[in-house]
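One-letter residues, chain by chain:
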Amino acid sequence: MSGHSKWANIKNKKGVADKRRGKLFSQLSKNIRIAVKEGRSGDPAQNASLRLALEKAKAANMPAENIKRAIDRGSGIGKGGQVEEVIYEGYGPHGVAFIIMAITDNKMRTASEMRILFNKHQGSLGGPGSAAFMFERAGSEYKVSIPLEIADEIQKNEIEALEEALHEHDDVEDVFHTAVF
C-alpha cells in the first residue's frame, strides 16, 4: 500500500519548496544588505542598487518583515550587527591557492565555517597573505599571477567540488583559485 498517504506526499513537496524559497530569500536578503552598505542609505529613493534589490525581492514574494530586517542589518542596526567584507585565503587539494571574498556579520563564525569546508576537501585555511602573492588585484577581482596547471581529471573534480561548496555558502561573494584546467 505504498503511496497511499496523501499527507506524506504534500509534506515532502512542501518541504522541498520551502527549502528552495528559504535559499532564495537568504540570497535576496544578502543582496539587500550589500546594497544598503554600498549605497550608504536604506532609502530606495536615494539608492538605485537597493531599489533594484527590493524589486527582485518583491517579485519573489519575499515578506516585508524580511526585507525590513535585511535593510536594518545592512545599515548596522537591529539584530545581527554590522555586515563587513572579509577576505579568506587558503590552499585546497593539490596545492591550489584560493581567495574567498565574503560578506558577513560574524567573522568568527564565517572563519570557522570556511576552515571546516577546507578541511572536508583536503585543504587548509591560511592566514592573511598566505595565498595573496599568487594573485594580482584588479579592482574588485583577483587575477592569477602564478597559474597551476591541472591535467588530471580526479584532481580537477576535487578542486571543483571545493569551489562549489564555497559558492554554496551564504556569506561567500566570490571565489578565485590558481588552478588552470
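It should be emphasised that the depicted structure is a prediction, and the values quoted were computed from it without experimental measurement.

Reading the values: rules and limits
- Residues numbered from 1 in each chain as written.
- Predicted model: local features only at pLDDT ≥ 70, side-chain atom pairs only at ≥ 80, totals over all residues.
- Heavy atoms only, no water.
- Pairing = 2+ DSSP bridges.
- Helix = DSSP H or I, 4+ residues; strand = E, 2+ residues; numbered from the N terminus.
- Axes fitted to C-alpha atoms, helices over the stretch in contact; angles between N-to-C directions.
- Salt bridge = Lys/Arg side-chain N within 4 Å of Asp/Glu carboxyl O.
- Buried < 20%, exposed > 50% of the residue type's maximum accessible area, 1.4 Å probe, protein only.
- Arc of directions from axis to C-beta.
- Contact = heavy atoms within 4.5 Å.
- Phe/Tyr/Trp six-rings, centres within 6.5 Å; stacked < 30°, edge-to-face > 60°.
- Parallel < 35°, antiparallel > 145°, perpendicular 65-115°, else oblique.
- Left-handed = near helix turned anticlockwise from the far one by under 90°.
- Nonpolar A, V, L, I, M, F, W, Y, C, P; charged D, E, K, R; others polar.

**Focus: the sheet that holds strand S2 (residues 97–104)**
Then, number 1: Pairing is antiparallel in the open sheet, where four strands are placed in the order S3-S1-S2-S7. Two strands in the sheet have a free side with no partner beyond their single neighbour: strand S3 (124–126) and strand S7 (172–177). Direction aside, the axes of adjacent strands within the sheet are offset by 30 degrees on average.
Then, number 2: Of the pairings in the sheet, the one linking S2 to S7 comprises five bridges and is antiparallel in character.

**Quick notes on the pattern of salt bridges**
Then, number 1: Using the criterion set out here, one finds five salt bridges in the structure.
Then, number 2: With a closest N to O distance of 2.9 Å, Asp18 and Lys14 form a salt bridge. In this pair, Asp18 and Lys14 are both assigned in helix H1 (residues 6–39), four residues apart and thus about one turn of the helix distant.
Then, number 3: We classify Asp18 as partly exposed; its relative accessible area is 39%.
Then, number 4: Close ionic contact of Asp72 with Lys68 constitutes a salt bridge, the shortest N to O distance being 3.2 Å.

**Thoughts on helix H3 (residues 64–74)**
Then, number 1: Listed as buried for H3 are Ile67, Ala70, Ile71, Arg73 and Gly74. The arc that holds the buried residues of H3, viewed along the axis, is 165 degrees, so those residues lie on one side.
Then, number 2: Of the surrounding secondary structure, the elements contacted by the buried residues of H3 are H1 and helix H2 (48–59).
Then, number 3: Positioned one or two residues after H3, Gly76 has a phi angle of 90 degrees, which is positive.

**Brief notes about the packing of aromatic side chains**
Then, number 1: All told, the structure shown has three aromatic pairs when counted by the stated rule.
Then, number 2: Measuring from centroid to centroid gives 5.9 Å for Phe98 and Phe118, while their planes differ by 80 degrees, and the two rings are edge-to-face. Here Phe118 lies in helix H4 (residues 107–120) and Phe98 lies in strand S2, a separation of 20 residues in the sequence. In terms of burial, Phe98 and Phe118 fall into one category: buried.
Then, number 3: An aromatic cluster is defined as three or more aromatic residues linked by ring pairs; in this entry it consists of Phe135, Tyr142 and Phe176.

**Brief notes about the packing of H1 against H2**
Packed helices, taken two at a time, are described by the angle between their axes plus the distance between the axes.
Then, number 1: Taken N-terminus to C-terminus, the directions of H1 and H2 make an angle of 165 degrees; their axes are 8 Å apart at the nearest point. Comparing their axes, H2 and H1 come out roughly antiparallel. When you trace H1 past H2, the crossing you get is left-handed. Here H1 contributes Leu28, Asn31, Ile32, Ala35 and Val36 to the contact with H2, which in turn contributes Ser49, Leu50, Ala53, Leu54, Lys56 and Ala57.
Then, number 2: Among the residues forming the contact of H1 with H2, the class breakdown is eight nonpolar, two polar and one charged.

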